[in-house]
Amino acid sequence: MSNFQSFLLVISVSLGLGGCASLPGQAIAPHQDASAEQAPSAPEPSEDTAHLPPVDLSPNILYELLVADVAVQRKYYALAIDRYLSLARTTRDPRIAAVATRVAIYARDSRHALEGATLWVELAPEEPEARQAIIASLIRAGKSNETFPHIDTLMAMSDSGPDSGLRLISSLLGREQDVQAAMAVMQHVVAKEDDNAGVWLVYGQLALRAGNLDAADNAINTALELKPGSVDAILLHVHILQLKGDARGARTYLESAVNKASEEVRLRLAYARLSMDEKNFEVAFQQYEYLVQQAPENNEL
């Protein structure tokens, strides 16, 4: 381990500088209040330094790191971003590029967030957070088409299961303020994964956020054709029927789904709640009674 790598570990521990707790997409969610967030700072210590550049700690690097960190603590974010980006370019350390990106995201500095995320992806191409950061930054910069290679890479990632990449994309796009841009990005995924029920479900959710009930319904119907028993798709279809004013259709459809999958707790719970909303207390009581016996450990009952 180089002196520079050792220094990063020491300064992280001694100054209590953990990495930003939330994902890049979370940190830049438009509905979040920056004043309520914890400012990001230096990289989190890691024992895995084999992939890091062998950079020796110099007095200048030490000085710049300290200046950047103090600037974050004093809320001089422009100064911190400038120093962190400069250090990331000099040292080629992906952890510093990550911090530069997070500080820029936190400060709502879109231009430098994109610059930092681009460097972060270059230095750590297999890091999902880096891909999320650059996708979000590109969308905000009006460059949705440039997200496609990063979307494809993220979709291919399966560290947490076969659909982990899709879950990351769903979480990221679901927080974007520009829903139309998010849908445009998701259309790219749909075009490449049109036999994936989960992809259609995510697209349907985005269409619903955009207020396009017909597009949402078509997407959910496709998801149900590919995976008829999808509870998420069934519940979303019921919600769409309600939004369209078809209360009877929603009840009939949900009742049928419960009868076909009587062991699905979420479906029966939704049916019980729907019955309560309609003041059909006898049916609601029957459903809750069944649920208490079926899933006594469920905290939602």
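Look above for the structure.
Along each chain, the written sequence defines residue order, and numbers are assigned to residues from 1. The predicted origin of the model limits local features to residues at a pLDDT of at least 70 and limits the giving and counting of side-chain atom pairs to 80 or more, whereas totals for whole chains, interfaces and linings rest on all residues. Note that the side-chain values use all heavy atoms of the structure and ignore hydrogens as well as water.

(A) How the structure looks around the overall build of the protein chain. A run of H or I in DSSP becomes a helix once it reaches four residues, and a run of E becomes a strand once it reaches two; helices and strands are each numbered from the N terminus. Secondary structure summary: the protein chain contains 16 helices and 0 strands in total. Here a residue-residue contact requires only that any non-hydrogen atoms of the pair lie within 4.5 Å. Excluding contacts between residues fewer than 6 apart, the proportion of contacts in the protein chain whose partners are at least 24 apart in sequence is 57%. As presented, the protein chain carries roughly 15100 Å² of accessible surface, and 50% of it is formed by carbon and sulfur atoms. Each accessible area is a Shrake-Rupley estimate made with a 1.4 Å probe; only the visible protein chains count as cover when residues are assessed.

(B) Layout of the pattern of salt bridges. By convention in these notes, a salt bridge is any Lys or Arg side-chain nitrogen within 4 Å of a carboxyl oxygen on Asp or Glu. All chains considered together, the criterion is met by 12 salt bridges. Between glutamate 122 and arginine 92 there is a salt bridge, and its shortest N-O distance comes to 2.5 Å. Taken as a pair, glutamate 122 in helix H6 (residues 110-123) and arginine 92 in the loop between helix H4 (77-91) and helix H5 (94-106) lie far apart in primary sequence, 30 residues in all. On the accessibility criterion, arginine 92 (35% relative accessible area) is partly exposed. Measuring nitrogen to oxygen at the nearest pair gives 2.4 Å for the salt bridge that ties arginine 266 to aspartate 232. One end of the pair, arginine 266, is in helix H15 (residues 265-277); the other, aspartate 232, is in helix H13 (residues 231-243), with 34 residues separating them in the sequence. Partly exposed residues are those whose accessible area sits between 20% and 50% of the maximum for their type, while under 20% is buried and over 50% is exposed, using a 1.4 Å probe and protein chains only.

(C) The arrangement of the packing of aromatic side chains in detail. Two rings belonging to Phe, Tyr or Trp (six-membered ring only in the last case) form a pair when the distance between their centres is within 6.5 Å. Interplanar angles under 30 degrees mark stacking, angles over 60 mark edge-to-face geometry, and anything in between is tilted. Under the defined criterion, the tally for this structure stands at 1 aromatic pair. Ring centres of tyrosine 77 and tyrosine 106 lie 5.3 Å apart, and the angle between their planes is 75 degrees; this geometry places the pair in the edge-to-face category. Of this pair, tyrosine 77 sits in helix H4 while tyrosine 106 sits in helix H5, and the two are 29 residues apart along the sequence. For the pair tyrosine 77 and tyrosine 106, a shared accessibility class is recorded, and that class is buried. Two conditions define a charge sitting above a ring: the NZ of Lys or the CZ of Arg must be within 6 Å of the ring centre, and it must be within 35 degrees of the ring normal. One residue, arginine 268, lies across the ring of tyrosine 290, its end atom 3.9 Å from the ring centre.

(D) Inspection of the environment of isoleucine 105 at higher detail. Mapped onto the fold, isoleucine 105 is located in helix H5. According to the relative accessible area criterion, isoleucine 105 is buried, its value standing at 3%.

(E) Summary view of the packing of helix H11 (residues 197-209) against helix H12 (residues 213-226). In this analysis an axis means a line fitted to C-alpha atoms, helices contributing only their contacting stretch, and an angle means the value between N-to-C directions, from 0 to 180 degrees. One way to put it is that H11 packs onto H12 with a least axis distance of 8 Å and a crossing angle of 165 degrees. Here H12 runs roughly antiparallel to H11, going by the angle between their axes. H12 is crossed by H11, and the crossing has left-handed handedness. Contacts between H11 and H12 involve Ala197, Trp200, Leu201, Tyr203, Gly204, Ala207 and Leu208 on the former and, on the latter, Leu213, Ala215, Ala216, Ala219, Ile220, Thr222, Ala223 and Leu226. Within the contact of H11 with H12, the residues separate by chemical class into 13 nonpolar, 2 polar and no charged. Geometric relationships in this document are graded by angle, where less than 35 degrees denotes roughly parallel, more than 145 denotes roughly antiparallel, 65 to 115 denotes roughly perpendicular, and other angles denote oblique. The hand of a helix crossing depends on one turn: near helix anticlockwise from the far one by less than a right angle means left-handed, and clockwise means right-handed. Three classes are used, and their members are as follows: Ala, Val, Leu, Ile, Met, Phe, Trp, Tyr, Cys and Pro are nonpolar, Asp, Glu, Lys and Arg are charged, and the others, Gly among them, are polar.

(F) Structural detail: the packing of helix H8 (residues 148-156) against helix H9 (residues 164-173). Running from N to C, H8 and H9 cross one another at 135 degrees; their axes reach a closest spacing of 6 Å. Judged by the inter-axis angle, H8 sits oblique to H9. Contact residues: Ile151, Leu154 and Met155 in H8; Gly165, Leu166, Leu168 and Ile169 in H9. Along the lines of polarity and charge, the residues of the contact of H8 with H9 split into 6 nonpolar, 1 polar and no charged.

(G) Fine view of unusual backbone geometry. Backbone geometry places arginine 92, a non-glycine residue, at a positive phi of 60 degrees. If you check the backbone angles, lysine 279 has positive phi at about 60 degrees while not being a glycine. Topologically, lysine 279 is positioned in the loop between H15 and helix H16 (281-294). Of the residues examined, lysine 279 reaches a relative accessible area of 63% and is grouped as exposed.

All quantities given are derived from atomic positions and should not be read as evidence of function.
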